[in-house]
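# Chains, contacts and geometry: an overview
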Amino acid sequence: MLRTQMMSTGGALLICAAILTVLNGSTVSALDDEPEDGERATWETIQQDILNINCGGCHSAGSSLARQSGLVLTEKEAYGQLIDVVPRNTAAAGDGLKRVSSAGGLPGVEQSFLWEKINASEQDHFYDDHPHYGAIMPLGQPYLSNGELAYIEAWIRSGAPEDGVVADPVLLADETRFAAPEFVALVPPGQGIQFHVGPFEVWEKDDREFLYFEPMVTAEELYVTGYEISMRPGSHHFIVFNYPDGKPTPEPSVYRDLRDPQGKHNLHVLSQLAELFPSGFFVGTQTPYINYRFPPGVALRLPPGTGFDLDSHSVPSPDGKPGEVYANIYTVDRSEVEKVAYPANFNNGEINLPPHETTTLSKTFQFSETRNIIQMWSHAHEKMLEFSIVAVGGERDGEMLYWTNDWEHPPLLEFDPPLVMESGQGLQMITTYHNWTDETINFGARSTDEMQFIFYIYYPEYSPGPGAVPHEWPGEDLLIMDEDLLPGWRAESNGSVELVDLTAADKVHRGNVAGSFRLKRSGTWAVRFQSDDPVNPGGYIALRFAFHPGDVTLPANPRFRLFVNSAWVNLLEDMVDVERKEWQLVEIPVEEFGLRRFIDSIQFSGNLGGTFYLDDIRLVAGEPPPQPGTAVVESQDATVPETFTLDQNYPNPFNLDTTIRFDLPLSEEIDLAVYNLIGQKFATLAQGLREAGTYTLRWDGRDDDGRDLATGVYLYRLKAGERVETRKLLLLR
Ligand code: HEC
């Protein structure tokens, strides 16, 4: 009788019951120890009664989670791992916290990262003010009791000693635990979008899931730096999908239910959801409250779309209230974005769970480019018992990165620093399901169907945002092929194309014809230039080459494409003109390729027949970025002057900017700077080795910290080797 009841309520409950028994067991034995507590040092009690029970499972030597957090909390190790040790978490370390500070008093508490991580009642502060501090501990388990927290706090306040009784064991009698705050309506963001769905009815016995369309208010792309979602108790998930451009939009602000109250499916909405799932997923949560901010400078790019489809899935709330969700999407201006992040997922659609059986499904996904993962979570339905994600390949090969037994609210794992998965490495998902029903269960969107998903948000290795200043400025163009292929580049061809020896190519069309391709037959061919060391595209603005159509002939459906890595442009579309039998210079902005990683290959491919010529393939360097601080633009004329001179600046007096010219007859170390009349230096205009030549500098009247100098007379002094010359300039604001 009992057994049947359990089976009908589901396998997940069975597992929970088993875990509860174990926990109760430990609590009981801990209480049995109580009479001896007077003898035990406070630290010993914390170790034995709190850490061993709540933390050791994950934070024990050799476990993958201990490696990830860098923290071992088992007996003998824990004390040394905590006291005045810099946290692994980079944001906390940057804020100057210690895992546990021995400073004592309130400063000791405020400087202890451990306290931040366990102090559940302050979690609003924790997540709001420190979005990069990771999750509240113990991860995925009930918070420590208020008594345990008070006991640990007292210990930290008295300097966190290893010996001695510094906290009253009576504190531990308080077994109340912090309960999540009541559902609150979110204040709309200063910059961003707010969604508000509901209140809506949740069908009495069942769950309710619907899509709800909100049209987009702007036609521009958005850069999202964080989101905050607040759902009423009973909510299973809330997902925001970016509704793709060019699709007929659903009626706005209407609940499009996946099932009606009688449980009958709405196939049309189901298929809409299935279409949105893989590519439109944008942000989401499965916990009642989340407030997440991306790492500084990183923003999720939201392409311009027609709107958002909101997917809300709820079970009846324990308090009988209707469902309701607020979601804030925080955005920033383009100019503030240094790295662009993208949402992605892995999905196993091949699910087949025979009735009355426990089945484990495993599938591995490989990355084809380096990805920095900042968030990751799993998604499955009610038959799931356990979901783990294991790293495949690389340094972390075999490491279990993620584990949950909570299908309804799987934890959202944040990685700080990011989890770096390199090309060829992968993630394996291993999921165990228990199908207690009489039916075979397959993949599907209903909660009675099953799923096996990894969702994650990442930024690629090369991912400059519109506001990024490239850190490695190339300085000059990168030649790939000129007279010959440049060192570090190889050329390969396939299909019916012959790559004629570059230097020996006939020189009919131009004095320095370099590359020539002889297309033997019609058919598809490709010529690929491969770099030994991938090239950082940062700082290059265009890919340029010279093209001569030679005697090429176009087949019926002509194709002529230029690939950079795997992204391509159609050269026959306004880029080359095969009818115009002369050299043509083609320049394609690097953005056109939407690169997300370093360049390792450049490939021409197509189906043209005949012979054509290529020359001077290069990446064109952009303008150098402005110097931080003083804005000085320097240019050089290579004619070698005869004497050393420093000219009077022009204009003088000046207001916006002025030009300073000097002649350098010898190549020398120079130093040109602006001083006030008592010799204090304000701005460095040029410094370091310069070749002989005439130099012209434009200076905008700002000092080295970028501040405008005040009206006044200043001196500018040029030192070149042994020679020094000084002149006056007048700045008028
Ligand atoms: C289910 C596994 C799990 C349990 C249980 C757990 N932790 Fe953690 N802990 C982690 C993971 C994973 C991280 C790294 C991610 C993060 O900081 O959110 C971490 C990080 C930490 C850190 C930050 C370490 C650093 O240097 O950055 C502290 C402190 C911590 N845990 C304390 C505790 C304490 C105290 C307990 C018990 C009350 C506990 N944890 C229980 C998994 C766990």
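Above this text sits the structure in question.
So, here is what we can say about the structure in this document.

## Side note on the overall build of the protein chain
Of the regular secondary structure elements, the protein chain holds 11 helices and 39 strands. For the protein chain, the proportion of its 733 residues judged to be buried stands at 48%. Within the protein chain, residue pairs in contact and separated by at least 24 positions form 76% of the contacts whose partners lie at least 6 positions apart. Counting only carbon and sulfur atoms, one obtains 51% of the accessible surface of the protein chain, whose full area is about 34,500 Å².

## Considerations on the sheet that holds strand 5 (residues 255–257)
Hydrogen bonds along the backbone pair up the strands of a sheet, which may run parallel or antiparallel. In spatial order, the strands read 5-2-9-4-6; together these five strands make up an open sheet with antiparallel pairing. Each having just a single partner strand, strand 5 and strand 6 (281–285) make up the two edges of the open sheet. Within the sheet, the average angular offset between the axes of one strand and its neighbour, ignoring direction, is 20°. Bridging between strand 2 (residues 208–215) and strand 5 involves three bridges; their strand directions are antiparallel.

## What to know about the pattern of salt bridges
Any two side chains of opposite charge can pair, on the condition that their charged atoms come close. In total, this model carries 21 salt bridges according to the counting rule given. Between Asp-477 and Arg-618 there is a salt bridge, and its shortest N-O distance comes to 2.8 Å. Remark: Arg-618 occurs in strand 31 (residues 610–621) and Asp-477 occurs in the loop between strand 20 (453–460) and strand 21 (478–481); sequence separation between them is 141 residues. For Arg-618, a relative accessible area of 17% translates into the label buried.

## Notes on the environment of Gln-584
Secondary-structure assignment places Gln-584 in strand 29 (residues 584–589). With a relative accessible area of 4%, Gln-584 lands in the buried category. In the structure, Gln-584 is positioned 36 residues away from His-548 in sequence and 6.3 Å away in space, judged by C-alpha atoms. Excluding residues within four positions of it along the chain, Gln-584 makes contact with Phe-545, Ala-546, Phe-547, Pro-549, Val-576 and Asp-577. Separated by 2.8 Å, the side chain of Gln-584 and the backbone oxygen of Asp-577 make a polar contact.

## Description of the packing of aromatic side chains
Evaluation of the coordinates by the stated rule reveals 33 aromatic pairs. Centre to centre, the rings of Trp-43 and Trp-155 are 5.2 Å apart; their planes meet at 25°, and the pair counts as stacked. Taken as a pair, Trp-43 in helix 3 (residues 42–54) and Trp-155 in helix 10 (residues 146–157) lie far apart in primary sequence, 112 residues in all. Here Trp-43 matches Trp-155 in class, with each residue buried. Taken together, a centroid distance of 5.3 Å and an interplanar angle of 35° make the contact between Tyr-212 and Tyr-255 tilted. Pair noted here: Tyr-212 is in strand 2 and Tyr-255 is in strand 5, with a separation of 43 residues, a long-range link. Using a relative accessible area of 30% as the deciding quantity, one classes Tyr-255 as partly exposed. Positioned over the ring face of Trp-436 is Lys-383, at 4.7 Å from the centre of the ring.

## Considering the packing of helix 3 against helix 10
Following both chains from N to C, one finds helix 3 and helix 10 inclined at 140°, their axes separated by 11 Å at the closest point. In this view, helix 3 runs oblique relative to helix 10, as classed from their interaxial angle. For the element pair helix 3 and helix 10, the recorded crossing hand is left-handed. From helix 3, Thr-42, Trp-43, Thr-45, Ile-46, Asp-49, Ile-50 and Asn-54 reach across to helix 10, where they touch Glu-148, Tyr-151, Ile-152 and Trp-155.

## Quick word on the site of the ligand
Inspection of the region around the ligand gives 24 residues, with Cys-55, Cys-58, His-59, Lys-117 and Met-137 positioned closest. Arg-88 has a polar backbone atom sitting 2.7 Å from an oxygen atom of the ligand. Residue Asn-89 places a main-chain N or O atom 2.9 Å away from an oxygen atom belonging to the ligand. Taken together, the elements giving at least two residues each to the shell around the ligand come down to helix 4 (64–69) and helix 8 (113–118). The biggest single contributor to the shell around the ligand is helix 8, with four residues.

## Structural notes on the coordination of the iron atom of the ligand
Looking at the iron atom of the ligand, the protein donor atoms are His-59 (NE2) and Met-137 (SD), and they sit 2.0 to 2.3 Å from it. Considering all six donor atoms around the iron atom of the ligand, the spread of angles at the metal, 86 to 180°, places the coordination shape in the octahedral class. One end of the pair, His-59, is in the loop between helix 3 and helix 4; the other, Met-137, is in the loop between helix 9 (123–129) and helix 10, and 78 residues separate them in sequence.

## Some remarks on the side chain of Thr-45
Looking at the element boundaries, Thr-45 is found in helix 3. Within the local environment of Thr-45, its side chain forms a polar contact with the side chain of Tyr-151, the two groups lying 3.5 Å apart.

## A few points about the nonpolar core
Ranked by internal contacts, the top residues of the largest apolar core, which has 83 residues, are Phe-238, Phe-282, Phe-308, Ile-373, Met-376, Leu-427 and Tyr-456. In terms of residue count, the dominant contributor to this core is strand 20 (seven residues). The residues that make up this core include at least three from each of domain 3 (182–337) and domain 4 (342–463). Ignoring anything within four residues of it in the chain, the contact list for Met-376 reads Ile-389, Leu-401, Tyr-402, Pro-411, Leu-412, Leu-413, Phe-415, Leu-427, Ile-454, Phe-455 and Tyr-456. Within the second largest apolar cluster, 35 residues are counted, among which are Leu-485, Phe-529, Leu-543 and Ile-599.

## Here we look at the environment of Asn-655
Position of Asn-655 among the secondary structure elements: in the loop between strand 33 (645–646) and strand 34 (658–664). What makes Asn-655 partly exposed here is its relative accessible area of 38%. Sequence separation between Asn-655 and Leu-731 is 76 residues; the distance between their C-alpha atoms is 5.9 Å. At 2.8 Å, the side chain of Asn-655 forms a polar contact with the backbone oxygen of Leu-732.

## A closer look at the sheet that holds strand 35 (residues 668–675)
Spatially, four strands are ordered 36-35-38-39 in an open sheet, and the strand pairing comes out antiparallel. Edge strands, defined here as strands with exactly one partner in the open sheet, are strand 36 (681–690) and strand 39 (723–731). Strand-to-strand twist of the sheet, defined as the mean angle between neighbouring strand axes without regard to direction, takes the value 15°. Pairing analysis gives six bridges linking strand 35 to strand 38 (residues 712–720), with the strands arranged antiparallel. In the strand pairing of strand 38, Ala-673 is matched with Arg-717.

## Quick word on helix 10
The terminal C-alpha atoms of helix 10, which comprises 12 residues, lie 16 Å apart, in line with the 16 Å expected from a rise of 1.5 Å per residue. Those residues of helix 10 not exposed but buried are Gly-147, Glu-148, Leu-149, Tyr-151, Ile-152, Ala-154, Trp-155 and Ile-156. Its buried side turned inward, helix 10 meets helix 3, helix 5 (78–82), helix 7 (105–110) and helix 8. One or two positions beyond helix 10, positive phi appears at Gly-159, with a value near 90°.

## Structural notes on the side chain of Thr-432
Within the secondary structure, Thr-432 is located in strand 18 (residues 426–435). Its relative accessible area of 17% is what places Thr-432 among the buried residues. Every residue in contact with Thr-432, bar those within four places of it in the chain, is listed here: Thr-358, Thr-359, Thr-360, Lys-383, Met-384, Leu-385 and Glu-386.

## A short note on the pairing of strand 6
Of all five residues that make up strand 6, five are buried, and the element is covered over most of its length. Inspection of the sheet shows strand 4 (residues 235–243) paired to strand 6 by four bridges, in the antiparallel sense. Note on strand 6: the bridge partner recorded for Phe-238 is Thr-285.

Analysis parameters
Residues numbered from 1 in each chain as written. Predicted model: local features only at pLDDT ≥ 70, side-chain atom pairs only at ≥ 80, totals over all residues. Heavy atoms only, no water. Helix = DSSP H or I, 4+ residues; strand = E, 2+ residues; numbered from the N terminus. Buried < 20%, exposed > 50% of the residue type's maximum accessible area, 1.4 Å probe, protein only. Contact = heavy atoms within 4.5 Å. Areas by Shrake-Rupley, 256 points an atom, 1.4 Å probe, with all protein chains shown as cover. Pairing = 2+ DSSP bridges. Axes fitted to C-alpha atoms, helices over the stretch in contact; angles between N-to-C directions. Salt bridge = Lys/Arg side-chain N within 4 Å of Asp/Glu carboxyl O. Polar contact = N/O pair within 3.5 Å; in protein donor to acceptor, adjacent residues only side chain to side chain. Phe/Tyr/Trp six-rings, centres within 6.5 Å; stacked < 30°, edge-to-face > 60°. Lys NZ or Arg CZ within 6 Å of the ring centre and 35° of its normal. Parallel < 35°, antiparallel > 145°, perpendicular 65-115°, else oblique. Left-handed = near helix turned anticlockwise from the far one by under 90°. Near = heavy atom within 4 Å. Donors = N, O, S within 2.8 Å, 3.2 Å for Na, K, Ca; no water. Tetrahedral: all angles 85-135°; square planar, octahedral: opposite > 155°, others 65-115°. Core = buried A, V, L, I, M, F, W, Y, C linked by side-chain atoms within 4.5 Å. Domains from an automatic or database assignment. Expected span 1.5 Å × (residues − 1).

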